[in-house]
Amino acid sequence: MNLVLLGPPGAGKGTQATRLSETFGLQHLSSGDLLRSERAKGSPLGQRVAGYMDAGQLVPDDIIIEAILSQFQEAGRHRGFLLDGFPRTVTQGERLDPVLEGAGARVNAVLALRVPDKEIVDRITGRRICPTCGRVYHEKNQRPVRTGLCDNDQTPLIQRKDDTVDVVKQRLAAYHTQTEPLEEYYRGQGKLFEVDGTRDVETVFSELSGIVGERANRAVS
Ligand code: AP5
Ligand code: MG
């Protein structure tokens, strides 16, 4: 089973992806985490994408498609993918389909988290992440057990470089102009499930799990 998570910056894609991938045995592939890890290594890819990310712009399609598709080989160990942050343009969606078809697979469901722009800034500026495992926290909504340390591996938490008020406005603009058309693309295929992401993390997770569980049952029946 292959799933795509969509939603604006700060909608909760990473937060929910961690839980869903553990619950359903899926490989969590986050395009943002991949690019941040390349930047931390100082790789050629990391250097190419840094300017786009810091400005809140999408990385050009060709760069991200090549980077993400090279991660797909590992999927054999899992029951499928949970794609978080990719695809996020119609071109990326169209390029993904034949790759999955070539492996006898397809996108089974697209989960779109809905959070209005006015709630996004507080979520983004209060976010802290673990640079080691990518786990996501919030200084008010989702605190770690020990202040400033990741619950999973005790690494000191950091703030993302693109989590500023000015940059998030650019990221929201990119979402509205470049990613919303992708939602229409999947709606046209009857795969889009819209979920109210403004509720607490557990309530959102429960609704997403219900949708995924139902799709998983259909996939085997
Ligand atoms: P990426 O890392 O994907 O960033 P994004 O899409 O902007 O999304 P975020 O990671 O900011 O938010 P999220 O939805 O994961 O929310 P989270 O769970 O962390 O991409 C970064 C950049 O990389 C892009 O700008 C672009 O440059 C480049 N890039 C990546 N993929 C690309 C692609 N395919 N094509 C081109 N360029 C690409 O939650 C946010 C906060 O809210 C946290 O603090 C969390 O604790 C809190 N929170 C979560 N859920 C709730 C809740 N229910 N209630 C209250 N608080 C909550
Ligand atoms: Mg994320």
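Just above sits the structure.
Keep in mind that this is a model prediction, so the values were computed, not measured. (Residues numbered from 1 in each chain as written. Chains lettered and ligands numbered in written order. Predicted model: local features only at pLDDT ≥ 70, side-chain atom pairs only at ≥ 80, totals over all residues. Heavy atoms only, no water.)

Asker: Sorry, what's going on with the pairing of strand E4 (residues 109-114) here?
Answerer: For a regular strand, side chains alternate in direction, first toward one face of the sheet and then toward the other. Along E4, five of the six residues are buried, which leaves the element largely enclosed by surrounding structure. For strand E1 (residues 3-6) and E4, the ladder comprises four bridges, and the chain directions are parallel. Paired with Leu 6 across the two strands is Ala 112, which belongs to E4. Summarising the sheet, E4 and strand E7 (residues 192-196) pair through five bridges and their orientation is parallel. Looking across to E7, one finds that Arg 114 is bridged to Asp 196. (Buried < 20%, exposed > 50% of the residue type's maximum accessible area, 1.4 Å probe, protein only. Helix = DSSP H or I, 4+ residues; strand = E, 2+ residues; numbered from the N terminus. Pairing = 2+ DSSP bridges.)

Asker: Got a minute to help me understand the environment of Lys 118 in this structure?
Answerer: In this structure, Lys 118 sits in helix H6 (residues 117-125). Taking relative accessible area as the criterion, Lys 118 reaches 71% and is therefore assigned exposed. Separated by 79 residues in the primary sequence, Lys 118 and Arg 39 have C-alpha atoms spaced 30 Å apart.

Asker: I'm lost on the environment of Arg 114 in this one. Help?
Answerer: By secondary structure assignment, the location of Arg 114 is in strand E4. For Arg 114, a relative accessible area of 26% puts it in the partly exposed group. Between the C-alpha atom of Arg 114 and that of Thr 155, which follows or precedes it by 41 residues, the distance is 31 Å. Setting aside residues up to four positions removed in sequence, Arg 114 forms contacts with Tyr 175, Glu 183, Arg 187, Leu 192, Glu 194, Val 195, Asp 196, Gly 197 and Thr 198. Of the polar contacts made by the side chain of Arg 114, one reaches the side chain of Glu 194; its length is 2.8 Å. (Contact = heavy atoms within 4.5 Å. Polar contact = N/O pair within 3.5 Å; in protein donor to acceptor, adjacent residues only side chain to side chain.)

Asker: Can you walk me through the pattern of salt bridges in this structure?
Answerer: Close approach of charged atoms lets side chains of opposite charge pair. Enumeration according to the criterion identifies 19 salt bridges in this entry. The partner of Glu 207 in a salt bridge is Arg 199, with the nearest N and O atoms 2.7 Å apart. Taken together, the shared-partner salt bridges connect Arg 114, Glu 183, Glu 184, Arg 187 and Glu 194 into one network. (Salt bridge = Lys/Arg side-chain N within 4 Å of Asp/Glu carboxyl O.)

Asker: Explain the site of ligand 1 here, please?
Answerer: In the region of ligand 1, 36 residues are neighbours, and Thr 15, Arg 88, Arg 127, Gln 142 and Arg 171 sit closest. Ala 11 is positioned with one of its backbone polar atoms (N or O) 3.2 Å from an oxygen atom of ligand 1. Note that an oxygen atom of ligand 1 is positioned 2.9 Å from one of the backbone N or O atoms of Lys 13. Bound to the protein, ligand 1 loses 96% of the 1,000 Å² it would expose on its own. The set of elements that each furnish at least two residues to the shell around ligand 1 consists of helix H1 (13-24), helix H2 (31-41), H6 and strand E6 (136-138). Considered class by class, the residues forming the shell around ligand 1 number 13 nonpolar, 13 polar and 10 charged. (Near = heavy atom within 4 Å. Areas by Shrake-Rupley, 256 points an atom, 1.4 Å probe, with all protein chains shown as cover. Nonpolar A, V, L, I, M, F, W, Y, C, P; charged D, E, K, R; others polar.)

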